[in-house]
Amino acid sequence: MDLEKFYNKYVEKDNIIYSIDMIRLKTYISYSKFTEIEFRFATCWQKYLKKNFNSSQLKNFFYNYVVEIEEGVSFWFGFLHNTEKRNITFKTGYNANNQDVYNLTIEFNPNKLKNNEILMYILSLSGDWAIKSYDLAIDLKVNILDLLYDMNGRNVEKIDNRGLDNKTIYIGKGDGRVKIYNKKNESKLNIREDLTRIEISREVEDFEVRKMKIWQYDGNFPIIYMNNYMFSFSDYKDKTLLAILYAVQNGFPLRDLSRAYRKKIKELYEGNYKIKFDKNCARDVLNKTIYNYFLGNNLVHFW
């Protein structure tokens, strides 16, 4: 697999690949600057405008744009959140004596969009961006059927199983929610090896891009084991545990075991079979992605 082609920025360690699959950034710009964006999408970028609409719902932005660079590669941005106080004369246009600024938020996939010209133009409109949320993507070169996962205290789960290894597992809600799926199948990748993606969605309280030097990954990773446990002679002493282990290896969910047997099974898998994720890699890949957009193009002055 050509990693440079598949990812924008990535970090690889112990045959595990970390990247940023989605990121939401926020800044504030004047209505005057926003009209420049409107003009471009009404003229030279019109063919890329898939959809634009206004929303009056309090939780949404008033102006919403969906931009499609090519089939399957699109991004969204919104301007003027409906909770913001407005001091704009909409009927007669922008009031030149009023330089109030309003929320501009953009959400995109760095791995798909990379350094697209339209994206870079929007990012260049401000030197004061903040991270709202992002998805940390962790790719394992194994089949999804060869993995065991533990809920790790979360009590919300959904499994979309369409047969064999065409499945998606959802664990938890809100910050730290996890999605596990067959990336090779989902993206129709023409590669030899298997590829399972683990996405961890993180919500950030407007962390300033300029402060990336002090950024640390403070989240937890899902508990995931390789389902290739090798039986030892000692395992045969507890025939019940052996039968339960066999059932788990063939798809019986860990969550449905009693607390005692779930603990025993997890103890068997600890060590050689537990996948060890790296917080430094999670930190470094977000740094690399942010620096790629802002430092490399001199859009933000970092600390």
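Description of the structure in this document. Because the structure is predicted, anything quoted here is derived from the model rather than measured.

Helix and strand counts for the chain stand at 8 helices and 13 strands. Burial statistics for the chain: of 303 residues in total, 48% are counted as buried. Within the chain, contacts between residues at least 6 apart in sequence are counted, and of these 65% link residues at least 24 apart. Carbon together with sulfur atoms contributes 47% to the accessible area of the chain, which is approximately 16,500 Å² in total.

What follows covers the side chain of His-81. Tracing the chain through its elements places His-81 in strand S5 (residues 73-81). Residue His-81 is classed as buried on the basis of its relative accessible area of 15%. Side-chain polar atoms of His-81 contact the side chain of Thr-83, separated by 2.9 Å. When near neighbours in sequence (up to four residues on either side) are disregarded, His-81 contacts Leu-58, Lys-59, Asn-60, Phe-61 and Asn-103.

Bringing helix H8 (residues 279-294) into the picture now. Along its 16 residues, H8 runs 23 Å from first to last C-alpha, staying within 8% of the 22 Å computed at 1.5 Å per residue. All buried positions along H8 are accounted for by Cys-281, Ala-282, Val-285, Leu-286, Asn-287, Thr-289, Ile-290, Asn-292, Tyr-293 and Phe-294. Packed against the buried residues of H8 are strand S1 (10-13), strand S2 (16-30), strand S6 (101-108), helix H3 (110-113), helix H4 (117-123) and strand S7 (130-140). Its side-chain oxygen at 2.7 Å from the backbone nitrogen of Asn-280, Asp-278 defines the N-terminal cap of H8.

As a further point, take the pattern of salt bridges. Throughout the structure, instances matching the rule amount to 16 salt bridges. Linking Glu-12 and Lys-141 is a salt bridge whose minimum nitrogen-to-oxygen distance equals 3.7 Å. Here the residue Glu-12 occupies a position in strand S1, and Lys-141 occupies one in the loop between S7 and strand S8 (147-150), the gap between them amounting to 129 residues. Owing to a relative accessible area of 29%, Lys-141 belongs among the partly exposed residues under this scheme.

A word on helix H7 (residues 259-269). Taken together, the buried positions of H7 are Ile-265, Leu-268 and Tyr-269. On an axial view of H7, the arc spanned by its buried residues comes to 95°, and they lie on one face. Facing away from the buried side of H7, by more than 90 degrees, are the exposed residues Arg-259 and Lys-263. Of the residues flanking the end of H7, it is Gly-271, one or two places downstream, whose phi is positive at about 95°.

Most peptide bonds take the trans form, and the phi angle of most residues other than glycine is negative. Here Lys-188, not a glycine, exhibits a phi torsion of approximately 50°, which is positive. Tracing the chain through its elements places Lys-188 in the loop between helix H5 (183-186) and strand S12 (196-208). Residue Lys-188 is classed as exposed on the basis of its relative accessible area, which comes to 73%.

Attention now goes to the side chain of Asn-227. For Asn-227, the position within the fold is in the loop between strand S13 (223-226) and helix H6 (239-249). Given a relative accessible area of 14%, Asn-227 falls into the buried group. At 3.0 Å, the side chain of Asn-227 and the backbone oxygen of Gln-249 are in polar contact.

Quick notes on the rules
Residues numbered from 1 in each chain as written. Predicted model: local features only at pLDDT ≥ 70, side-chain atom pairs only at ≥ 80, totals over all residues. Heavy atoms only, no water. Helix = DSSP H or I, 4+ residues; strand = E, 2+ residues; numbered from the N terminus. Buried < 20%, exposed > 50% of the residue type's maximum accessible area, 1.4 Å probe, protein only. Contact = heavy atoms within 4.5 Å. Areas by Shrake-Rupley, 256 points an atom, 1.4 Å probe, with all protein chains shown as cover. Polar contact = N/O pair within 3.5 Å; in protein donor to acceptor, adjacent residues only side chain to side chain. Expected span 1.5 Å × (residues − 1). Salt bridge = Lys/Arg side-chain N within 4 Å of Asp/Glu carboxyl O. Arc of directions from axis to C-beta.

These results come straight from atomic positions and should not be treated as a statement about function.
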